[in-house]
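Below, each chain spelled out in residue letters.
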Number of protein chains: 2
Amino acid sequence: LLPSTQRDLFDVVLVAPRNPLNIGAVARSMANFGFARLTVVAAYEPHWREARSAIGAPELLQSARETASLAEAVARCTLVIGTGTLTHRKPEQPVVSLPVLGPIAAQELARGGRIALVFGPEKHGLTREDLSWCNLLVEIPTDSRQPSMNLGQAAAVCLYELATRVTTRDTALEHVGNAPAFEQNAAPRFEAQASAASGDLDILAGLVDEVMVAANYSPRTMQEANRHSIRLMLRRLRLNAADQRRILGLFRRILWRLRRSSNRNVPN
Amino acid sequence: LLPSTQRDLFDVVLVAPRNPLNIGAVARSMANFGFARLTVVAAYEPHWREARSAIGAPELLQSARETASLAEAVARCTLVIGTGTLTHRKPEQPVVSLPVLGPIAAQELARGGRIALVFGPEKHGLTREDLSWCNLLVEIPTDSRQPSMNLGQAAAVCLYELATRVTTRDTALEHVGNAPAFEQNAAPRFEAQASAASGDLDILAGLVDEVMVAANYSPRTMQEANRHSIRLMLRRLRLNAADQRRILGLFRRILWRLRRSSNRNVPN
């Protein structure tokens, strides 16, 4: 299993789970594989209370976080992984099969990142809106005649894979980070920087949105669709923290100039 | 996933499951990962009936086999794999960790074998008696503070691993079987023979037991312990079908001689 210092870099996020037995089952498999950080988004209070007070409920249910939105739940994470069956939808993000997720997660940890694994509600899974906060989607390879897994079993399978196959020692990037011979070369060190956290991308996306409005970029009816596209694009680009700050600074400047020019009603 | 022809070479065996929800969960994860052959040993009828009649129960529950004993359930299998937590017992068989089970299973299939994956009752798992029918035990690597997994989740994790990581193309033995260059050499071809099926080992064990009795090998009070040891030993030796027939023939001859000599009461 992963050393506990690394397993604490994973957040398991349940979006609007309904069945208390499933919440308990996810928590139990987290305890089995040594994961400790659970966040529940938009919990349905009676079922959430029932799950927490169940006999033999793992301790981590008591210390679970509750948030109102998925954005808040994953704000500190640098790699947000959505789960679910993709049979009936065309994903807007890269999709990886669970058996190859290990090296990707290992690389993210080696860069100093923090990972969220997000599970949707039992009935319909993560919505398109939920998925727009995800950098990538993971698919459990299942039989096409019965693709949809029980939530507790899907969580067990994903956490097993991560607990047993995320070996940061195998990743090239950690070697880069550790090997003094590479330090003269800036390129690999730059690559090894942590990605920007989801919450910081949301701040940037909000600013880009303000700029679009201030610049009269598109009609009001397009705003929601633009926000969705920007959110996806920022996650696809895998900006690191320095990229995010640089672009944020530029857009702040742009917004300030746009507003000054429209307030004074004079050209720049 | 495995091609369906190979997945049909796996038997999932539940020994005395009690909770209908768990039976349903195991069946569902079998359907998810494309396994079809379920055997239930010593089923508790009311719960078994409830599991089969549940709404949305996978079809494979309808075609599941019922047997009275584990010996009968695994009789046709050449590699019997027991599952469970080994925290409080000292196993009498080799133990492998689930992430390395794939190549072992692949090798067995490449030899023309048939595999059983055996799960014990929810409360206490497989007994020492049950385990004596197993060639090896598989352990799911779990956190020592919460090692015991839910039955449905343990099955999902094991079946996911087998469905995604048994690739017979990777095994040396299949290459041996396919490569004409090796055919001149008898040794690898011998190795590539299928192991003896569990039921054939039981026939041999029964005969050895008769010989022991006929030869007055040990006091009657030791008979049960001897049977247990012989069962384990025959499984540890990984006899192939030809070995089993040869030894069976020898012991038949021995038994015949022993009985003739004791009937006639004359020395041989």
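In the block above lies the structure referred to throughout.
The model shown is predicted, which means the values in this text are computed figures rather than measured ones. (Residues numbered from 1 in each chain as written. Chains lettered and ligands numbered in written order. Predicted model: local features only at pLDDT ≥ 70, side-chain atom pairs only at ≥ 80, totals over all residues. Heavy atoms only, no water.)

Colleague: Please set out the overall build of chain A residue by residue, giving values where relevant.
Modeller: Check the secondary structure of chain A and you find 12 helices and seven strands. In chain A, which comprises 268 residues, the proportion classed as buried is 49%. For chain A, the share of sequence-separated contacts (at least 6 apart) that also reach a separation of at least 24 residues comes to 84%. Accessible area for chain A stands at about 13,100 Å²; split by element, carbon and sulfur atoms hold 54% of it. (Helix = DSSP H or I, 4+ residues; strand = E, 2+ residues; numbered from the N terminus. Buried < 20%, exposed > 50% of the residue type's maximum accessible area, 1.4 Å probe, protein only. Contact = heavy atoms within 4.5 Å. Areas by Shrake-Rupley, 256 points an atom, 1.4 Å probe, with all protein chains shown as cover.)

Colleague: An account of the sheet that holds strand β4 (residues 79-83) of chain A is requested, with residue identities and associated values reported.
Modeller: All names here are of chain A. What the seven strands build is an open sheet, ordered β3-β2-β1-β6-β4-β7-β5; its pairing is parallel. Each having just a single partner strand, β3 (65-67) and β5 (95-97) make up the two edges of the open sheet. Taking the axes of each pair of neighbouring strands and ignoring which way they run, one obtains an average angle of 30 degrees across the sheet. Sheet strands touched by helix α7 (residues 151-165): β1 (10-15), β4 and β6 (115-119). Its angle to β6, the strand with the most contacts, is close to 160 degrees. (Pairing = 2+ DSSP bridges. Axes fitted to C-alpha atoms, helices over the stretch in contact; angles between N-to-C directions.)

Colleague: If you had to explain helix α5 (residues 101-110) of chain A to someone new, which residues and values would you point to?
Modeller: Residues and elements named next belong to chain A. Here α5 has its buried residues at Leu101, Gly102, Ala105, Ala106, Glu108 and Leu109. All buried residues of α5 project into a common sector of 160 degrees when viewed along the axis, lining one side. Phi turns positive, to about 85 degrees, at glycine 112, one or two residues after α5. (Arc of directions from axis to C-beta.)

Colleague: Describe in detail the interface of chain A and chain B, supporting the description with residues and values.
Modeller: The interface of chain A with chain B comprises 30 residues on the first partner and 31 residues on the second. Summed over both partners, the interface of chain A with chain B buries about 2,400 Å², with 54% contributed by carbon and sulfur atoms. In terms of surface lost to chain B, no three residues of chain A exceed Asn32, Gln153 and Tyr160 of chain A, which account for 26% of the buried area on that side. Between chain A and chain B we count 20 residue pairs in polar contact (both at pLDDT 80 or more) in total. Elements with a minimum of two residues in the side of chain A that touches chain B: α2 (20-32) and α7 of chain A. (Buried area = accessible area lost by both parts, 1.4 Å probe. Polar contact = N/O pair within 3.5 Å; in protein donor to acceptor, adjacent residues only side chain to side chain.)

Colleague: For the packing of aromatic side chains, give the residues involved together with the corresponding values.
Modeller: Residues and elements named next belong to chain A. This model, assessed by the stated rule, comprises four aromatic pairs over all chains. Here phenylalanine 10 and phenylalanine 35 contribute two aromatic rings whose centre-to-centre distance is 5.4 Å and whose plane-to-plane angle is 90 degrees, an arrangement assigned as edge-to-face. Linking phenylalanine 10 in strand β1 with phenylalanine 35 in the loop between α2 and β2 (38-41), this pair joins segments that are 25 residues apart in sequence. Just above the ring of tyrosine 44 sits the side chain of arginine 18; from NZ or CZ to the centre is 4.1 Å. (Phe/Tyr/Trp six-rings, centres within 6.5 Å; stacked < 30°, edge-to-face > 60°. Lys NZ or Arg CZ within 6 Å of the ring centre and 35° of its normal.)

Colleague: Can you tell me about the environment of phenylalanine 251 of chain A, naming the residues and giving the values?
Modeller: All names here are of chain A. Structurally, phenylalanine 251 can be placed in helix α12 (residues 241-264). Spatially, the C-alpha atoms of phenylalanine 251 and leucine 204 are 8.3 Å apart, while their sequence positions differ by 47 residues. Contact partners of phenylalanine 251, with chain neighbours within four places excluded, come to Leu207, Val208 and Val211.

Colleague: Describe the relation of the copies chain A and chain B, naming the residues involved and giving the relevant values.
Modeller: Each copy superposes on the other: chain A lies on chain B with an RMSD of 0.0 Å after a rotation of 180 degrees and an axial shift of 0.0 Å. Each copy turns onto its partner about a two-fold axis. Interface residue correspondence from chain A to chain B reaches 100%, placing this contact among same-surface, isologous pairings. (Least-squares fit on C-alpha atoms with pLDDT ≥ 70 in both.)

By themselves, these observations are geometric and do not establish any function.
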